[in-house]
Amino acid sequence: MSPTIRPRRLRQSAPMRRLMAETRIHPAQLVLPMFVAEGLSEPRPIGSMPGQVQHTLDSAAQEVERAIEAGVGGVMLFGVPQEKDAVGSGATDPDGILNRATAFLAERFGDATVVQTDLCLDEFTDHGHCGVLAADGSVDNDATLERYAAMAIAQAEAGSQILGLSGMMDGQIERVRAALDEAGHESTAILAYSAKYATALYGPFREAVDSSLTGDRKTYQQDPANRREGLREALLDIAEGADIVMVKPASLYLDVLADVAAASDVPVWAYQVSGEYAMVEAAAANGWIDRDRMIAESLTSIVRAGADVVLTYWAIEQAQLLGTMGLGAMGGRS
Ligand code: PBG
């Protein structure tokens, strides 16, 4: 007997597929992570992330301009300091590279885009951990909260509009919110990297920020085995006052992302991290995979799973492509 119900009817041509696409991506949904390094005279390519660089202040400004022209929703800044110490002094110093870059870029572009900053100590500590250490070498949660509070004020004063708390310390959202409010920065928003997993996918990023870490982050970042815990972390952060919650990495954690998207009453973002980027670029460079289709499919999948916004190193390129194709064509494209 021939079927009466034929889902293939809606797939029969490219225009039909475009019309039926359930997921569309707009350039404003993409946020570009950027690395700004101290002491460079010109941008330095990051070997593990082909196409990405450590920026000087000037090249960062040019890149932000390109992002704005392409329609990208915002930029997320990371600092790469020359000097590090046990408490990450560079993170709270107004002259530290991240705060300087933030002030420089926010002053120029703060009306045209959303300048955001990574709030974590790992780029600034000589041991490479996201927090300060106790005498026994463990990461001291509550002492770290005080450093985050000071860092938050420094970043807000530099002009960051959204602080991305990526350190996975318990109580960090509540502590930073209180510090911001006390200092009169009640308009500065908090993006909580709520469900952040201890993943091999951060590997290429370690080169991007000249990380000093020797061990791992498994006592604070989450175990990849845990799905329910990802939702718990997000709900806790919402209760503590997070304005936005995030799941990170994205592609291997779409189940967690879907759970958080279903439960959250604040925006839900996802971070397509360095390893997700590097794997596609490496396979494509070898001619093993169709780069453009992979990028489109990966972003479509992350949005389909529930992300309102995606942090991606491909933000400018994809926004440009979406602009030339007509907004929202990506769903039909992949
Ligand atoms: C911590 C931080 C990391 C990333 C973003 N923020 C590194 C880590 O937690 O080990 C990784 C981003 C990426 O891999 O693209 N400051």
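The rules we used
Residues numbered from 1 in each chain as written. Predicted model: local features only at pLDDT ≥ 70, side-chain atom pairs only at ≥ 80, totals over all residues. Heavy atoms only, no water. Helix = DSSP H or I, 4+ residues; strand = E, 2+ residues; numbered from the N terminus. Rg over C-alpha atoms; globule rule 2.2 N^0.38 Å. Buried < 20%, exposed > 50% of the residue type's maximum accessible area, 1.4 Å probe, protein only. Contact = heavy atoms within 4.5 Å. Areas by Shrake-Rupley, 256 points an atom, 1.4 Å probe, with all protein chains shown as cover. Near = heavy atom within 4 Å. Polar contact = N/O pair within 3.5 Å; in protein donor to acceptor, adjacent residues only side chain to side chain. Nonpolar A, V, L, I, M, F, W, Y, C, P; charged D, E, K, R; others polar. Salt bridge = Lys/Arg side-chain N within 4 Å of Asp/Glu carboxyl O.

## Quick look at the overall build of the protein
- Across its full length, the protein holds 12 helices and 10 strands.
- Relative to the compact-globule value of 20 Å for 334 residues, the protein shows a C-alpha radius of gyration of 20 Å, a close match.
- Going through the 334 residues of the protein one by one, you find that 54% of them count as buried.
- Across the protein, contacts joining residues at least 24 apart in sequence account for 75% of those joining residues at least 6 apart.
- Total accessible area computed for the protein in this model is approximately 14,700 Å², and 50% of it derives from carbon and sulfur atoms.

## Considerations on the side chain of T102
- Examined against the element boundaries, T102 turns out to sit in helix α3 (residues 97-109).
- Overall, T102 belongs to the buried group, its relative accessible area being 0%.
- Those residues in contact with T102, other than ones at most four positions away along the chain, are L77, E107, V115, T117, Q155, A158, G159 and S160.

## Observations concerning the site of the ligand
- Neighbouring the ligand are 17 residues; D122, K196, K248, S274 and Y313 lie closest to it.
- D122 has a polar side-chain atom sitting 2.6 Å from a nitrogen atom of the ligand.
- At 2.7 Å, a side-chain N or O of R206 approaches an oxygen atom of the ligand.
- Contact with the protein chains removes 100% of the 400 Å² of surface that the ligand exposes when unbound.
- Of the residues assigned to the shell around the ligand, the class counts are 7 nonpolar, 3 polar and 7 charged.

## Describing the pattern of salt bridges
- Inspection of the entire model under this criterion finds 11 salt bridges.
- E63 is paired through a salt bridge with R66; the nearest N and O atoms lie 2.9 Å apart. A residue pair is termed a helical-turn pair when its members lie 3 or 4 positions apart in one helix, as E63 and R66 do in helix α2 (residues 57-70) at 3 residues.
- The class for E63 is buried, based on a relative accessible area of 16%.
- Several salt bridges converge on common partners, so that one network encompasses E281, R291, D292 and E317.

## A few points about the environment of H26
- In this structure, H26 sits in the loop between α1 (14-20) and β1 (30-37).
- Placed 297 residues apart in sequence, H26 and G323 show a C-alpha to C-alpha distance of 8.8 Å.
- One polar contact links the side chain of H26 to the main-chain amide nitrogen of A28, over a distance of 3.0 Å.

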